[in-house]
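Structural overview
Take a look at the letters that make up each chain.
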Amino acid sequence: MSTMSIAALQPGEELPPQNHSPDNVQLFFYNAALWNAHRIHYDLPYATDVEGYPGLVIAGPLLGDWLGQCVEAWLGEGGALLNLEYSNRGAAYIGETLTVGGTVEAVNAAKGEVTLALHIRNEAGDVITPGRALVRLHG
């Protein structure tokens, strides 16, 4: 949304969903930028044979970044992300398509603030990363 009126927002309104299907290269570069050298993110034989995962594990911080990107895309130039919290409750793997989304949870018109309930769902529809965000709308 480029222009958003807090008076028009209602609890239950959905944020436009975003789909993510990272590949090995994206996962490698993301973890390299974080200096995260855990082999489950880039070494398939290690991830599967030693750690017992079904594939390369998508880094938890990347999931959190996708939640923030979903909120910022919804806000556009109409506001600012004040707080973001999330909890990775299940693993995600290269080859999966993950869907990021959320809903308006509460609107505080007096403060110009909106609380959002966020989630990342795997292909089975399970929420693997729930979260919440607080945003402030401009004007």
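The text that follows walks through the structure, step by step, so that each part is easy to find. (Residues numbered from 1 in each chain as written. Predicted model: local features only at pLDDT ≥ 70, side-chain atom pairs only at ≥ 80, totals over all residues. Heavy atoms only, no water.)

Next up on the list: the pattern of salt bridges. Side chains that differ in charge, positive against negative, can pair when their charged atoms come close. Scanning the entire structure with this criterion turns up 3 salt bridges. When the shortest N-O distance is used, the salt bridge between R39 and D43 registers 2.9 Å. Since its relative accessible area comes to 18%, D43 is described here as buried. (Salt bridge = Lys/Arg side-chain N within 4 Å of Asp/Glu carboxyl O. Buried < 20%, exposed > 50% of the residue type's maximum accessible area, 1.4 Å probe, protein only.)

Regarding helix α1 (residues 24-33), the residues found buried are L27, Y30 and N31. Seen along its axis, α1 keeps its buried residues to an arc of 90°; they face one direction. Of the exposed residues in α1, those oriented more than 90 degrees away from the buried face are F29 and A33. Elements that come into contact with the buried residues of α1 comprise α3 (60-75). (Helix = DSSP H or I, 4+ residues; strand = E, 2+ residues; numbered from the N terminus. Arc of directions from axis to C-beta. Contact = heavy atoms within 4.5 Å.)

With that settled, consider the environment of T129. Tracing the backbone through its elements, the reader meets T129 in strand β5 (residues 127-137). Here T129 falls in the buried class, since its relative accessible area comes to 0%. Each C-alpha atom of the pair T129 and V57 lies 14 Å from the other, and the pair is 72 residues apart in sequence. Non-local contacts of T129, meaning those with residues more than four positions away in its chain, are made with L63, L67, Y86, S87, N88, L118, H119 and I120. In terms of polar contacts, T129 uses its side chain to reach the side chain of N88, at 3.0 Å. (Polar contact = N/O pair within 3.5 Å; in protein donor to acceptor, adjacent residues only side chain to side chain.)

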